[in-house]
Amino acid sequence: MSEWHAYSWLLAVLAGVALLISPAPADSGRNPTVETQQERDARMKWWREARFGMFIHWGIYSVPAGTWQGKQIGGIGEWIMNHAKIPVADYAKLAGQFNPVKFDADEWVRIAKDAGMKYIVITSKHHDGFAMFCSKASSYNICDATPFKRDPLKELAAACRKHRMSLGFYYSQAQDWHHPGGAAHGGHWDPAQDGDMAEYVSKIAVPQVKEILSNYGKVSILWWDTPTDMTPEMMTELGALVSLQPGIITNDRLGAGAQGDLSTPEQHIPPEGISGRDWETCMTVNDTWGYKSYDNNWKSAETLIRNLIDIASKGGNYLLNVGPTAEGVFPQPIVERFVAIGKWMKVNGDAIYATTASPFHKQLPWGRCTRKGSKLFLHVFDWPADGTLRVPITNDVRKAYLLSSPKAALRCTKSGDGVEVSLPASAPDPIASVVALEIEGEPVVAQQ
Ligand code: FHN
């Protein structure tokens, strides 16, 4: 018996034993009948309080960085293999050029932490099929196929533990443009990709997901992506693996009807949030997830901060992406924006972390609102020219102050339309200044 067959036989036996001792999964490996609402709330608590995380798309696509054979390839950078229809063997040669000697896991986590992010989700394998971790299931991985040889996931896991940052792994379970049988959006373009998808799932995806859920300590999130051609059987086989990490949170992209724990709107903020569901908007800072050397369409710090506020005011999380370079560093424009967000969060983080959605049904004309019990946080984007902030609630107000100067009480008066807060002449922060309003009782919204 070859080493591979002995290994997969052992895994199959272990999977069988695991399935015998745990109840059959009804949805993404977690049987809802064995988890009460209270248990679910306890499992989701840290994530709901976090509100802000970092997405990292890193792979050997950062070597071409959007250019193939001298031509700039349109679309997102991590899709270059598919968009340029690069033959499997040619693309695989990029691994030999991938040597990110400037990679410093500690630095990455420090940047995330300073930006106010509470968790990181990194691509362990994207659709190109290249594993960014040491894998026994396929030699097409960073330890066996690159001069770098190190395991960045191991280093990142250690840095996250050190800095108390929650860590999650993204894994492309269905699309795999390298291993035979893996799915490809738009179909295969190289006969080397042809094969049986069920076999690909059981020989590559399942063992690799076992690896990422077994070899890196606590994994807080498993982020599936693009369920192309997934069948219920594949969903069940992969979904069962979440039992390897008690308490793990999964998203809604496993496929074949699995709902997971979160909805994942991509590149947009649902106008009214998503009622009755936990949700997370994932978004790029420019127009690509994986690094592209010439994509300079950066969103401003103002847009990113206001997006974070908007999302929190609708009860969601913001997963903001960075595509590191082939040297292993974050693009400077991203670092600058993350620093600006961190500066804002240092003053105003209380108005984001552990908050719940705005009690107001309609958009407030001057900005957004988040809530923590009897405290409303009024995020003022447009500072009122007459110095009066009109808040459509009828409650009595105990106290009002700016988070930027919490000791200076603001005068509040009741008017026919609600509460009027007297503000200083100019905004402390032109992006968003936050007024904390401590009210009596449950918010009673006036006619808006
Ligand atoms: O195809 C991927 C894409 O490359 C990227 O990873 C995003 C992130 O959410 N997910 C897929 C598109 O929905």
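Residues numbered from 1 in each chain as written. Predicted model: local features only at pLDDT ≥ 70, side-chain atom pairs only at ≥ 80, totals over all residues. Heavy atoms only, no water.

Chemist: Could you give an account of the overall build of the protein chain, naming the residues involved and the relevant values?
Modeler: Within the protein chain, the regular secondary structure consists of 11 helices and 18 strands. Relative to a compact globule of 448 residues, whose C-alpha radius of gyration would be 22 Å, the protein chain shows 24 Å and is just as compact. With the C-alpha coordinates of the protein chain rotated into their principal frame, the extents come out at 80 × 55 × 40 Å. Across the 448 residues that make up the protein chain, the buried fraction comes to 57%. For the protein chain, long-range pairs separated by at least 24 residues make up 70% of all intrachain contacts whose partners lie at least 6 apart in sequence. (Helix = DSSP H or I, 4+ residues; strand = E, 2+ residues; numbered from the N terminus. Rg over C-alpha atoms; globule rule 2.2 N^0.38 Å. Buried < 20%, exposed > 50% of the residue type's maximum accessible area, 1.4 Å probe, protein only. Contact = heavy atoms within 4.5 Å.)

Chemist: Tell me about the state of the cysteines, residues and numbers included.
Modeler: Applying the stated criterion across every chain, the model contains one disulfide. Between the sulfur of Cys 134 and that of Cys 143 lies a disulfide, 2.0 Å long from S to S. With the S-S bond torsion at -75°, the cross-link from Cys 134 to Cys 143 turns out left-handed. Distance from the sulfur of Cys 412, which forms no disulfide, to the nearest cysteine sulfur (Cys 369) is 13 Å. (Disulfide = S-S within 2.5 Å.)

Chemist: Please provide a residue-by-residue account of the environment of Asn 348, values included.
Modeler: Within the element layout of this structure, Asn 348 appears in helix H11 (residues 332-348). Taking the relative accessible area as the measure of exposure, Asn 348 reaches 4% and is therefore buried. For Asn 348 and Glu 211, which are 137 residues apart along the polypeptide, the C-alpha to C-alpha distance reads 39 Å. Setting aside anything within four residues of it in sequence, one finds Asn 348 in contact with Leu 403, Ala 432 and Val 434.

Chemist: So, the site of the ligand: which residues are in play, and what are the values?
Modeler: Near the ligand you find 15 residues, and of these His 57, Glu 78, His 127, Asp 225 and Glu 266 are the closest. Separating an oxygen atom of the ligand from a side-chain N or O atom of Glu 78 is a distance of 2.5 Å. Within the contact set of the ligand, an oxygen atom lies 2.9 Å away from a side-chain nitrogen or oxygen of Trp 79. Computed on the free molecule, the ligand has an accessible area of 320 Å², of which 90% lies beneath the protein chains in the complex. Across the shell around the ligand, the residue classes tally to seven nonpolar, four polar and four charged. (Near = heavy atom within 4 Å. Polar contact = N/O pair within 3.5 Å; in protein donor to acceptor, adjacent residues only side chain to side chain. Areas by Shrake-Rupley, 256 points an atom, 1.4 Å probe, with all protein chains shown as cover. Nonpolar A, V, L, I, M, F, W, Y, C, P; charged D, E, K, R; others polar.)

Chemist: Break down the environment of Tyr 61 for me, citing the residues and quoting the values.
Modeler: Summarising the element assignment, Tyr 61 is placed in the loop between strand S1 (52-56) and strand S2 (67-68). A relative accessible area of 0% means that Tyr 61 is categorised as buried. The spatial distance from the C-alpha of Tyr 61 to the C-alpha of Thr 325 is 9.2 Å, given a sequence separation of 264 residues. Engagement of the side chain of Tyr 61 in a polar contact is seen with the backbone nitrogen of Trp 58, the distance being 3.1 Å.

Chemist: An account of the packing of helix H5 (residues 105-115) against H11 is requested, with residue identities and associated values reported.
Modeler: With their axes 7 Å apart at the nearest point, H5 and H11 run at an angle of 40° to one another. Regarding the angle of H5 to H11, the classification is oblique. Along the contact surface, H5 presents Ile 111, Asp 114 and Ala 115, while H11 presents Val 335, Phe 338, Ile 341, Gly 342 and Met 345. Split into classes, the residues belonging to the contact of H5 with H11 amount to six nonpolar, one polar and one charged. (Axes fitted to C-alpha atoms, helices over the stretch in contact; angles between N-to-C directions. Parallel < 35°, antiparallel > 145°, perpendicular 65-115°, else oblique.)

Chemist: Before we move on, can you summarise the packing of aromatic side chains with the specific residues and values?
Modeler: Summed over all chains, the structure comprises 16 aromatic pairs. Judged by centre distance (5.6 Å) and plane angle (85°), the ring pair of Phe 169 and Tyr 216 falls under edge-to-face. Of this pair, Phe 169 sits in strand S5 (residues 166-171) while Tyr 216 is found in the loop between helix H8 (197-214) and strand S6 (221-224), placing the two residues 47 residues apart along the sequence. The class for Phe 169 is buried, based on a relative accessible area of 0%. (Phe/Tyr/Trp six-rings, centres within 6.5 Å; stacked < 30°, edge-to-face > 60°.)

Chemist: Describe in detail the pattern of salt bridges, supporting the description with residues and values.
Modeler: In the structure shown here, the tally under the stated rule is 26 salt bridges. Among the salt bridges present, the one from Arg 150 reaches Glu 155, with a minimum N-O distance of 2.9 Å. For Arg 150, a relative accessible area of 31% puts it in the partly exposed group. Exposure remark for Glu 155: the relative accessible area of 26% places this residue in the partly exposed category. (Salt bridge = Lys/Arg side-chain N within 4 Å of Asp/Glu carboxyl O.)

Chemist: Mind laying out the sheet that holds strand S12 (residues 375-380), listing which residues take part and the relevant values?
Modeler: Two modes of strand pairing occur in sheets, parallel and antiparallel, and in both the strands are linked by backbone hydrogen bonds. Taken in spatial order, the five strands make up an open sheet running S11-S12-S18-S14-S15, and their pairing is antiparallel. In this open sheet, the two strands that pair with only one neighbour each are strand S11 (367-372) and strand S15 (405-409). Ignoring which end each strand starts from, the neighbouring axes of this sheet average 30° apart. The pairing of strand S14 (residues 397-402) with strand S18 (residues 433-439) spans five bridges and is antiparallel. Within S18, the position partnered with Lys 399 by the bridge is Glu 438. Taken strand by strand, helix H10 (residues 301-313) contacts S11 and S12, and its axis lies near 50° from that of S11. (Pairing = 2+ DSSP bridges.)

Chemist: Can you tell me about unusual backbone geometry, naming the residues and giving the values?
Modeler: Among all residues except glycine, the phi angle is most often negative; among peptide bonds, the trans geometry is most common. Positive phi is not limited to glycine here, since Arg 51 has a value of about 65°. Structurally, the position occupied by Arg 51 is in the loop between helix H2 (37-50) and S1. Of note in this structure, Lys 149 is not a glycine but carries a positive phi near 65°. Position of Lys 149 among the secondary structure elements: in the loop between helix H6 (142-145) and helix H7 (152-163). Judged by relative accessible area, which is 53%, Lys 149 ranks as exposed.

Chemist: Would you mind going over helix H9 (residues 232-239) in detail, with residue names and values included?
Modeler: Along an α-helix, residues three or four positions apart point the same way, because every turn accommodates 3.6 residues. Along H9, the residues classified as buried are Met 234, Met 235, Leu 238 and Gly 239. In a view along the axis of H9, the buried residues occupy a sector of 120°, so they form one face of it. Tucked into the core, H9 has its buried residues touching H8 and S6. (Arc of directions from axis to C-beta.)

Chemist: Tell me about the environment of Gln 259, and please be specific about residues and values.
Modeler: Tracing the sequence through the fold places Gln 259 in the loop between strand S7 (249-250) and strand S8 (262-263). For Gln 259, a relative accessible area of 43% corresponds to the partly exposed category. When the C-alpha positions of Gln 259 and Ser 135 are compared, they lie 28 Å apart, and in sequence the two are 124 residues distant. Among the polar contacts listed, one links the side chain of Gln 259 to the backbone oxygen of Gly 257, at a separation of 3.2 Å.

Such coordinate-based values are descriptive only and should not be taken to indicate function.
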